[in-house]
Amino acid sequence: QVRDLEQKREGAYQKLQQELQQLAHTHEELQTSTTNLAHALKTPRVRGAWGEVQLRRVVEMAGMMDRVDFIGQNGKNAERPDMIVHMPNKGILPVDAKTPMGAYLEGMETADDQLRKAKLDAHSGAMRQRIQELADPDYRQQFEHTAELVVMFVPNEACLGVAFEQDPELLEYAIQQGVLLTTPVTLLALLKAVAYGWQQHQVAENAHQIALQGKQLYRRLNTFLNH
């Protein structure tokens, strides 16, 4: 019995060793992928494409694909929004996903506390600068219907949280400038609210059409009864 137990334990140890080797291999692959992703996100073009993918995914989850227009970016229209949300009564809601994240990524990689603080301060400053650009009247005059609010989409929750920590007045400043800072979660909630508004608008429109049809039926019945 002792010999049998030793054999079973030896087999269990071998299996555990294989699992640990597989876990180490998976960890190395994950670390390599994370490093590659961090380096890729340092490139503005890649970071912009990633933001657009996040944006499209949020719109799909909100069920608003038929109520938005995605705008491709190039050198001529780089200052245009990435997406326009159509609201009831011809209202529009521009959404911009070109959030500066270079300083944030550099700050997260460094082990020097002072350098990290400087990079994160630069990150919050870049966020404030982008808010100023979105609040510029020239930016809003490019739309057929003037937008009262511009949505600044930040595809990373931690990126926005760090900016708020470095600049506690950033949110209040953005609201004063008519810019709404959103992350995937808050943008999803916003789009859900817009979708509900469209639903109520459609209900009201259907009720109006029913009333018109009822009036027409009433007139025709009167004509029929008179004859």
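In case you missed it, the structure is sitting above this.
Predicted model only: the values in this text are computed from it and were never measured.

(A) Summary view of the overall build of the protein. In terms of regular secondary structure, the protein is built from eight helices and five strands. Start at the N end of the protein and walk to the C end: the helices and strands fall as α-α-β-β-β-α-α-α-β-α-α-β-α. Within the protein, the fraction of its 227 residues that count as buried is 28%. A separation threshold of at least 6 residues defines the contact pool for the protein, and within that pool the share at least 24 residues apart is 64%. Here the protein displays about 15,000 Å² of accessible surface, and carbon together with sulfur accounts for 55% of that area.

(B) Local environment of the pairing of strand β2 (residues 83–87). Here strand β1 (residues 68–70) pairs with β2 via three bridges, running antiparallel. Its bridge partner being in β2, Phe70 is matched across the sheet by Met83. Across five bridges, the pairing between β2 and strand β3 (residues 91–96) is antiparallel. By the bridge assignment for β3, His86 is matched with Ile92. Linking β2 to β3, which pair antiparallel, is a turn of three residues; within it Asn89 sits at a positive phi near 60°.

(C) Here's a closer look at a nonpolar patch on the surface. A surface patch of nonpolar side chains, about 450 Å² in accessible area, is lined by Tyr13, Leu16, Leu20 and Leu23. On the secondary structure map, Leu20 appears in helix α1 (residues 2–41). What makes Leu20 exposed here is its relative accessible area of 51%.

(D) Examining helix α4 (residues 113–135) more closely. Here α4 is 23 residues long and its end C-alpha atoms lie 33 Å apart, about the 33 Å a rise of 1.5 Å per residue gives. Along α4, the residues classified as buried are Leu120, His123, Ser124, Met127, Arg130, Ile131, Leu134 and Ala135. The backbone nitrogen of Gln114 has a side-chain oxygen 3.0 Å away, supplied by the residue at the start of α4, namely Asp112.

(E) Up close: the pairing of strand β4 (residues 150–153). Burial of β4 is two-sided: the residues Val150 and Met152 facing one way and the residues Val151 and Phe153 facing the other way are all buried. Both β3 and β4 contribute to a ladder of two bridges, which runs parallel. Its bridge partner lying in β4, Asp96 is registered against Met152. The pairing of β4 with strand β5 (residues 179–182) spans four bridges and is parallel. Each bridged residue has a counterpart across the sheet, and for Phe153 the counterpart in β5 is Thr182.

(F) Seen up close, unusual backbone geometry. Here the phi dihedral of Asn89 falls at roughly 60°; this positive angle occurs in a residue that is not glycine. Looking at the element boundaries, Asn89 is found in the loop between β2 and β3. Taking the relative accessible area as the measure of exposure, Asn89 reaches 69% and is therefore exposed. Phi is positive for Lys90, which is not a glycine, with a value near 65°.

(G) Expanded view of the sheet that holds β4. What the five strands build is an open sheet, ordered β1-β2-β3-β4-β5; its pairing is mixed. With partners counted over all chains shown, the strands left at the sheet margins are β1 and β5, one partner each. Each strand of the sheet is rotated relative to its neighbour by a mean of 25°, with strand direction disregarded. Docked against the sheet, α4 engages β3, β4 and β5, running at close to 150° with respect to β4.

Rules used throughout
- Residues numbered from 1 in each chain as written.
- Predicted model: local features only at pLDDT ≥ 70, side-chain atom pairs only at ≥ 80, totals over all residues.
- Heavy atoms only, no water.
- Helix = DSSP H or I, 4+ residues; strand = E, 2+ residues; numbered from the N terminus.
- Buried < 20%, exposed > 50% of the residue type's maximum accessible area, 1.4 Å probe, protein only.
- Contact = heavy atoms within 4.5 Å.
- Areas by Shrake-Rupley, 256 points an atom, 1.4 Å probe, with all protein chains shown as cover.
- Pairing = 2+ DSSP bridges.
- Patch = residues over 30% accessible without salt bridge, like charges linked within 9 Å, V, L, I, M, F, W, Y side chains within 5 Å.
- Salt bridge = Lys/Arg side-chain N within 4 Å of Asp/Glu carboxyl O.
- Expected span 1.5 Å × (residues − 1).
- Polar contact = N/O pair within 3.5 Å; in protein donor to acceptor, adjacent residues only side chain to side chain.
- Axes fitted to C-alpha atoms, helices over the stretch in contact; angles between N-to-C directions.

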